[in-house]
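One letter stands for each residue in the lines below.
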Amino acid sequence: MSARQSSTQPLDRTQPILPMAPGIPERRTHDYMRHGTTTLFAALDIATGKVIGELHRRHRSSEFLQFLRTIEANVPPKLDVHLVMDNYGTHKTASIKAWFARHPPGAFDLPEAPEHEDHPREHRIDCQARKKPFWPAASG
């Protein structure tokens with residue numbers, strides 16, 4: 001399983017979108033109304049395509065800890081979990097570190113996310129360097 005989180009902003013335009021016409025592209029107003037932010041935590045089983053996902057109104061360590069518990073409850077203990085995370089402080093709190101410390105070494109692989117690069121790309125490079133498959137082999 002690999003996990004990734006992201007934040008999204010639900011937005012609405014203040015005026016309706018003007019449809020395309022011959023020779024004229026679709027037009028939108030420059031302003032919009034915000035409806036808050038939503039945090040999406042998602043885990044993907046790359047072998048089966050199954051997704052474990054949760055939406056939260058806030059992005060704190062307590063919500064992330066809840067998501068880790070959801071992963072733990074839904075992933076068989078014999079499987080390795082590879083977490084691809086950004087460097088957000090939520091992932092580095094004492095409660096999160098304590099949660100990982102209570103699990104056997106190797107149960108959750110936490111590759112270091114570089115602070116200056118696209119971390120999923122770096123994780124793929126790391127997997128290639130260690131000769132570990134990042135994507136499952138095509139069957140057929």
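Residues numbered from 1 in each chain as written. Predicted model: local features only at pLDDT ≥ 70, side-chain atom pairs only at ≥ 80, totals over all residues. Heavy atoms only, no water.

A closer look at the pattern of salt bridges
Inference 1: Inspection of the entire model under this criterion finds 2 salt bridges.
Inference 2: Among the salt bridges present, the one from Arg28 reaches Glu26, with a minimum N-O distance of 3.1 Å.
Inference 3: Residue class for Glu26 comes out partly exposed when judged on its relative accessible area of 41%.
Inference 4: Glu63 is the salt-bridge partner of Arg60, the closest N and O atoms lying 2.6 Å from each other.
Inference 5: On the accessibility criterion, Arg60 (38% relative accessible area) is partly exposed. (Salt bridge = Lys/Arg side-chain N within 4 Å of Asp/Glu carboxyl O. Buried < 20%, exposed > 50% of the residue type's maximum accessible area, 1.4 Å probe, protein only.)

Focus on the environment of Ala94
Inference 1: Of note, Ala94 is situated in helix α2 (residues 94-101).
Inference 2: For Ala94, a relative accessible area of 64% puts it in the exposed group.
Inference 3: When the C-alpha positions of Ala94 and Ser61 are compared, they lie 9.2 Å apart, and in sequence the two are 33 residues distant. (Helix = DSSP H or I, 4+ residues; strand = E, 2+ residues; numbered from the N terminus.)

Quick look at the packing of helix α1 (residues 61-74) against α2
Any two packed helices are characterised by how steeply their axes cross, that is the angle between the axes, and by the distance between the axes.
Inference 1: Where α1 contacts α2, the two axes come as close as 9 Å, and the packing angle between them is 20°. Looking at the two axes, α1 sits roughly parallel to α2. In this structure, the crossing between α1 and α2 has a hand that is right-handed. Where α1 abuts α2, its residues Ser61, Phe64, Leu65, Leu68, Arg69 and Glu72 lie against Ser95, Ile96, Trp99 and Phe100.
Inference 2: For the contact of α1 with α2, a count of residues per class yields 6 nonpolar, 2 polar and 2 charged. (Axes fitted to C-alpha atoms, helices over the stretch in contact; angles between N-to-C directions. Parallel < 35°, antiparallel > 145°, perpendicular 65-115°, else oblique. Left-handed = near helix turned anticlockwise from the far one by under 90°. Contact = heavy atoms within 4.5 Å. Nonpolar A, V, L, I, M, F, W, Y, C, P; charged D, E, K, R; others polar.)

Quick notes on the pairing of strand β4 (residues 38-44)
Inference 1: Burial of β4 is one-sided: the residues Thr39, Phe41 and Ala43 facing one way are buried, the residues Thr38, Leu40, Ala42 and Leu44 facing the other way are not.
Inference 2: Strand direction decides the pairing type here: β4 and strand β5 (residues 51-56), joined by 6 bridges, are antiparallel. Bridge pairing links Phe41 to Glu54 in β5. (Pairing = 2+ DSSP bridges.)

A short note on the nonpolar core
Inference 1: Counting residues in hydrophobic clusters, the biggest one holds 16 residues, and the most contacted among them are Phe64, Phe67, Leu68, Ile71, Leu83, Phe100 and Phe108.
Inference 2: For this core, the secondary-structure elements that each account for two or more residues are β4, α1, β6 (81-83) and α2.
Inference 3: Looking at this core element by element, the count peaks at 5 residues for α1.
Inference 4: Not counting the four nearest positions on each side in its chain, Phe64 is found in contact with Phe41, Met85, Thr90, His91 and Ile96. (Core = buried A, V, L, I, M, F, W, Y, C linked by side-chain atoms within 4.5 Å.)

Focus on α2
Inference 1: Residues of α2 that are buried include every one of Ile96, Trp99 and Phe100, and no others. Down the axis, α2 shows its buried residues gathered within 95° of arc, on one side only. Facing away from the buried surface of α2 by more than 90 degrees, the exposed residues are Ala94, Lys97 and Ala101.
Inference 2: Of the surrounding elements, those touching the buried residues of α2 are α1, β6 and β7 (108-109). (Arc of directions from axis to C-beta.)

That is the geometry; function is a separate question.
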